[in-house]
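Structure assessment
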Amino acid sequence: MEKRVYYQEINITEELSARINELVSHYPADKKKSALIPVLHVVQDAHENWLSIPLMDKVAEILGITPIEVYEVVTFYTMFNQKPVGKYMFEFCRTSCCAILGGDDMMEYACQKLGVKEGETTPDGLFSVAGVECLGACGYGPMLQLGDFYHEKLTKEKIDALIEDCKQGKINLY
Ligand code: FES
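Residues numbered from 1 in each chain as written. Predicted model: local features only at pLDDT ≥ 70, side-chain atom pairs only at ≥ 80, totals over all residues. Heavy atoms only, no water.

1. Points about the overall build of the chain
Convention followed: Runs of E in the DSSP output that reach at least two residues are strands. Runs of H or I that reach at least four are helices, and both are numbered from the N terminus. Computation of the radius of gyration draws on C-alpha atoms alone. For the globule rule, the value is 2.2 Å times the number of residues to the power 0.38. Here's how the labels work: a residue is buried when its accessible area is under 20% of the maximum for its type, exposed when over 50%, partly exposed in between, all with a 1.4 Å probe on protein chains only. Whether two residues are in contact is decided by their heavy atoms: any pair within 4.5 Å suffices. Only four residue types enter the tally: Lys and Arg on the positive side, Asp and Glu on the negative side; His and the chain ends are excluded. The atom standing in for a charge is NZ when the residue is Lys, CZ when it is Arg, CG when it is Asp and CD when it is Glu.
Within the chain, the regular secondary structure consists of 7 helices and 4 strands. Secondary structure elements of the chain, listed N to C terminal, follow the sequence α-α-α-α-β-α-α-β-β-β-α. The C-alpha radius of gyration computed for the chain amounts to 17 Å, which stays within 12% of the reference 16 Å derived for 174 residues, consistent with globular compactness. In terms of overall dimensions, the chain has C-alpha extents of about 50 × 35 × 35 Å along its principal axes. Relative to its full complement of 174 residues, the chain shows a buried share of 39%. Within the chain, residue pairs in contact and separated by at least 24 positions form 62% of the contacts whose partners lie at least 6 positions apart. For the chain, the centre of its 17 positive side-chain charges and the centre of its 26 negative side-chain charges are spaced 2 Å apart.

2. Some details on unusual backbone geometry
With an omega dihedral of -10°, the bond running from Gly-141 to Pro-142 counts as a cis peptide bond. Of note in the backbone geometry, Glu-48 takes a positive phi value of approximately 55° without being a glycine. With respect to the helices and strands, the residue Glu-48 is situated in the loop between α2 (36–45) and α3 (53–63).

3. A closer look at α2
For α2, the set of buried residues is Leu-36, Val-39, Leu-40, Val-42, Val-43 and Gln-44. Looking at the packing, one finds that the buried side of α2 touches α1 (14–24), α3 and α4 (67–76).

4. Re the sheet that holds strand β2 (residues 127–132)
What counts is decided by this rule: If DSSP finds at least two bridges between two strands, the strands pair. Only C-alpha atoms enter the line fits that serve as axes; for helices the fit covers just the stretch in contact. Angles between N-to-C directions range over 0 to 180 degrees.
Strand order in the open sheet made by the 4 strands is β2-β1-β3-β4, with mixed pairing throughout. The open sheet has two free edges, formed respectively by β2 and β4 (149–151), since each of these has just one partner strand. Strand after strand, the sheet turns through a mean of 25° between neighbouring axes, direction not considered. Two elements, strand β1 (residues 88–93) and β2, share 6 bridges in a ladder whose sense is parallel. Each bridged residue has a counterpart across the sheet, and for Phe-92 the counterpart in β2 is Gly-131. Each of β1 and β2 is contacted by helix α6 (residues 103–114), which is oriented at about 160° to β2, the strand it contacts most. Along the sheet, helix α7 (residues 156–167) contacts β1, β2, β3 (144–146) and β4; its crossing angle with β1, the most-contacted strand, is approximately 160°.

5. Section: the pairing of β2
Of all 6 residues that make up β2, 6 are buried, and the element is covered over most of its length. Side chains of β2 alternate between two faces, with Phe-127, Val-129 and Gly-131 and Ser-128, Ala-130 and Val-132 buried alike.

6. A word on the domain arrangement of the chain
Counted only if it meets this: An automatic or database domain assignment supplies the residue ranges for each domain.
By the assigned domains, the chain splits into domain 1 (14–76) and domain 2 (88–167). Just the C-alpha atoms count here: the centres of domain 1 and domain 2 sit 28 Å apart.

Written out as structure tokens, the structure reads:
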């Protein structure tokens, strides 16, 4: 299997640093680790939606914890990306309710349409497709998350329209 190393510029701006400090302030001074997940979210958002090992190490340094404590969390949750992803990341729920309602077929359709496999990004860096665990919208499956928004009761036609809207810059992610 090809193993690639991706470079990521680390940019902890004053604004990001202030946001991290604000998140950390919600917890007791000797329990900074408790802020790890919210801190990872804001750091990832500020770094094109992925976290390299040096960036995870930086988060560990900021929180005064060991790097392995950050790796454990990042590798467990699908919402954290360990390599560059597309601007538009289609995260298809692959858990039971959505699977019964055709979620796998919808993800396969999107993959075929975009010319990628699950976990891959289109060469232009615009789209990624990922399978994730239950997103809590089980009654509205099959569904996907794109940025902060859910797209539910998916059909091939809805996926076609979504891809087209992304290409035309009509989709807000946050
Ligand atoms: S099973 Fe898909 S959102 Fe819960």
